Each structure stands twice: as structure tokens, then as C-alpha cells.
Amino acid sequence: MLNLPRLKERSVLPGFGLTLGFSMAYLCLLVLIPLSTVFLKTATLKWPEFWSTISDPQVVAAYRLSFGAAFIAAIINVLFGGLVAWVLARYQFPGKRLVDGLVDLPFALPTAVAGIALTAVYAPNGWLGQYLEPRGIKVAFAPLGVVVALTFIGLPFVVRTVQPVLEDLEAEIEEASASLGASRWQTFLRVIFPVLTPAILSGFALAFARALGEYGSVVFISGNLPMQTEITPLIIVSKLEQYNYAGATAVALVMLVASFFLLLVINVIQWWGTRRNGIA
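Residues numbered from 1 in each chain as written. Predicted model: local features only at pLDDT ≥ 70, side-chain atom pairs only at ≥ 80, totals over all residues. Heavy atoms only, no water.

As a further point, take the overall build of the chain. In terms of regular secondary structure, the chain is built from 13 helices and 0 strands. Each helix and strand of the chain, placed in order from N terminus to C terminus, yields the pattern α-α-α-α-α-α-α-α-α-α-α-α-α. Taking 2.2 N^0.38 as the reference for a compact globule, 280 residues should give roughly 19 Å; the C-alpha atoms of the chain span a radius of gyration of 24 Å, well beyond that estimate. Along the longest, intermediate and shortest principal axes, the C-alpha atoms of the chain span 80 × 55 × 30 Å. Counting the 280 residues in the chain, one finds 36% classified as buried. Considering only contacts in the chain between residues 6 or more positions apart, those separated by 24 or more positions represent 75%. Within the structure as shown, the chain displays about 17,600 Å² of accessible surface, and the carbon and sulfur contribution to it stands at 69%. (Helix = DSSP H or I, 4+ residues; strand = E, 2+ residues; numbered from the N terminus. Rg over C-alpha atoms; globule rule 2.2 N^0.38 Å. Buried < 20%, exposed > 50% of the residue type's maximum accessible area, 1.4 Å probe, protein only. Contact = heavy atoms within 4.5 Å. Areas by Shrake-Rupley, 256 points an atom, 1.4 Å probe, with all protein chains shown as cover.)

Taken as a whole and judged by the stated rule, the model has 4 salt bridges. The salt bridge involving Arg160 is made with Asp104; its shortest N-O contact spans 2.9 Å. With a gap of 56 residues between them, Arg160 in helix α8 (residues 143-168) and Asp104 in the loop between α4 (96-103) and α5 (105-108) connect regions that are remote in the sequence. Residue Arg160 is classed as partly exposed on the basis of its relative accessible area, which comes to 24%. Look at Asp104 and you get partly exposed, because its relative accessible area is 29%. (Salt bridge = Lys/Arg side-chain N within 4 Å of Asp/Glu carboxyl O.)

Now for the packing of aromatic side chains. Counted according to the given criterion, the structure contains 10 aromatic pairs. With centroids separated by 5.7 Å and ring planes inclined at 85°, the aromatic side chains of Phe71 and Phe204 adopt a geometry described as edge-to-face. Placement of Phe71 in helix α3 (residues 57-90) and of Phe204 in helix α10 (residues 184-212) is noted, with a sequence separation of 133 residues between them. Assessed through its relative accessible area of 43%, Phe71 is described here as partly exposed. For Phe204, a relative accessible area of 12% corresponds to the buried category. Taken together, the ring pairs connect Trp86, Trp185, Phe188 and Phe193 into an aromatic cluster. Residue placement shows Arg90 over the ring face of Trp86; its charged tip is 4.7 Å from the ring centre. (Phe/Tyr/Trp six-rings, centres within 6.5 Å; stacked < 30°, edge-to-face > 60°. Lys NZ or Arg CZ within 6 Å of the ring centre and 35° of its normal.)

Attention now goes to a nonpolar patch on the surface. On the surface, Leu20, Met24, Tyr26, Leu27, Leu29, Leu30, Val31, Leu32 and Ile33 cluster together to form a nonpolar patch covering roughly 860 Å² of accessible area. Within the secondary structure, Val31 is located in helix α1 (residues 16-42). (Patch = residues over 30% accessible without salt bridge, like charges linked within 9 Å, V, L, I, M, F, W, Y side chains within 5 Å.)

What follows concerns the packing of α3 against helix α12 (residues 232-241). In the contact formed by α3 and α12, the axes pass within 8 Å of each other and the chain directions differ by 140°. Relative to α12, α3 is oriented oblique. On the side of α3, the interface is formed by Gln58, Val59, Ala62, Tyr63 and Ser66, while α12 contributes Thr232, Pro233 and Ile235. A breakdown of the residues in the contact of α3 with α12 according to their chemical character gives 5 nonpolar, 3 polar and no charged. (Axes fitted to C-alpha atoms, helices over the stretch in contact; angles between N-to-C directions. Parallel < 35°, antiparallel > 145°, perpendicular 65-115°, else oblique. Nonpolar A, V, L, I, M, F, W, Y, C, P; charged D, E, K, R; others polar.)

What follows concerns the confidence of the model for the chain. With 91% of its residues at a pLDDT of at least 70, the chain reaches an overall mean of 86. At the level of individual helices and strands, the chain shows its lowest average pLDDT in helix α9 (residues 171-179), which scores 76, and its highest in α3, which scores 93. (pLDDT = per-residue confidence, 0-100.)

Moving on: the nonpolar core. Grouped together as the largest cluster of nonpolar side chains are 48 residues, with contacts concentrated most on Val146, Leu150 and Val162. Among the secondary structure elements, those contributing two or more residues to this core are α3, α6 (111-122), α8, α10, α11 (216-221), α12 and α13 (245-279). The element best represented in this core is α3, accounting for 11 residues. When residues no more than four places from it in sequence are discounted, the contact partners of Val162 are Ala85, Leu196, Ala199 and Ile200. Counting residues in hydrophobic clusters, the runner-up holds 7 residues, among them Val38, Ala246, Ala250 and Leu253. (Core = buried A, V, L, I, M, F, W, Y, C linked by side-chain atoms within 4.5 Å.)

Following this line, the structure appears as C-alpha cells:
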């Protein structure tokens, strides 16, 4: 019997080399080159100038508000966004399609419109603000307003990350847990939650990263009070308007490095959770 050489299977789509080349060129043009200019422009500053720029009390206060509010908003979205995802994945009720569509509203709504709407609602004379203000709860033109705005724009990231995992989770697993005598809380904590952990961490990372760079919805409701409600993107914009490009990139560089570090930590935790579930 003759051993004929096997013909190499050809794919209709372009091969690895071509697609890799296009991918790297695309990433370089849209990501690597713009980000590298931040480092190059900041390098024009001498170390004392760089340090005085990033350690200015007004800049430090903006960092504290931006990272703190983004973290709190991401935690809130994990709690309540996970609850929304649970309801949408597990229950049937009238108006479910409407609620499911409203979750994506922050994606389509311009951030400036969201900021104006939130300000109108939570201002001292707004629909909700007129009842909250007399009770000592100041939302608009306060750090709490920044948290509210960042929670609004980050909700869809958690819901759309957790919801597909819940929908793919087989009900037989929960039934088996219940048949072995586990309570509802035991089933959730020991069966469902470990499976959801990677998705929850991904949603948290996406919501946190999105909130760090948010500008449009925050700039209206925060009031932009120096040392109080001034966010880091506003500091960067102010320096750009003053033609202080090196100072703007210096502030942006600190935020960029901190964001990369936090996302790296979260991705490592996510990888560990996925690996643990795979072993289990």
C-alpha cells in the first residue's frame, strides 16, 4: 500500500502569521503607541518637577477620591449587580425584557447626559435631593455624588459578566446539593459562589477600570470643588487647558501605573479562582 502524503488542511480564514501581524499592528496603533507617548512626554520632566507635580496636595486629593470612589462603586455593583443578574437569570416575571434592556442603558447613554440627569435628581432642589438634603444626606456636589455616578456607569459590566455564568449553571447541581441535605445558603456558598467567583472578579475589574477614567457623568454632579470633589481626569484636563502637557501626562502616568497594578492583581486572583474550580 502506498503511503501518500497527507494534504495540509487549508482554512478559509487567513493564517496565523497574517492575523497575528494585523493584530499586533492594530494594538500598536490604538494602544501601545498612544500609551508610550505618556511615558515619553513625562520623561521630559526632571525628577524634582515630576515629584512636585504628582505629590501636589490637590493632585493627591484627586487621586484619593478617584480610586476610593471607584473602589466603593465597584463593590456596590458587585453586590447589587450580582443580585440583578441572579433575578434576570433565575426568574420569569412581567417586564423582564424591559429590565434586561435597562441594564444596558448606561452603555448607550452619553455620559454627559447621565451626569446632568443625576444632578437634576440629587440636587438640593431635585426630585430626591429635596428629601435627602434636610436629613443631612448630601449627594450632589459631594463625594457621595461621585460614588453614585460611578455606580451608575459600572453596573452593566457586573451584570453582563455574571448573568451568562448563572444561565449556564445547571440546575441539577443545586438539586443534588439539596438532596444531600444542604440548606439554601450552604448550596449558594459552597456550590454556586465558587463557580461565580471568576465572573464576579472580572465584573469588579471592569467596573473599577471603567470608573477610574470616567469624566462626563462625574464632572456635573461632583461640583469640582478643589481638595473635596475634584477627580483626577479633571486635573488632567485642567493641565491640558493650561498647555502643561508634561504635567498632565505625569498625573496620567501615576494613574496608569496604579491601574495596571490593580488589574494585574485582580487578574491573578481570577486565574487562581478559575484554576481552583478546574481542579475541584
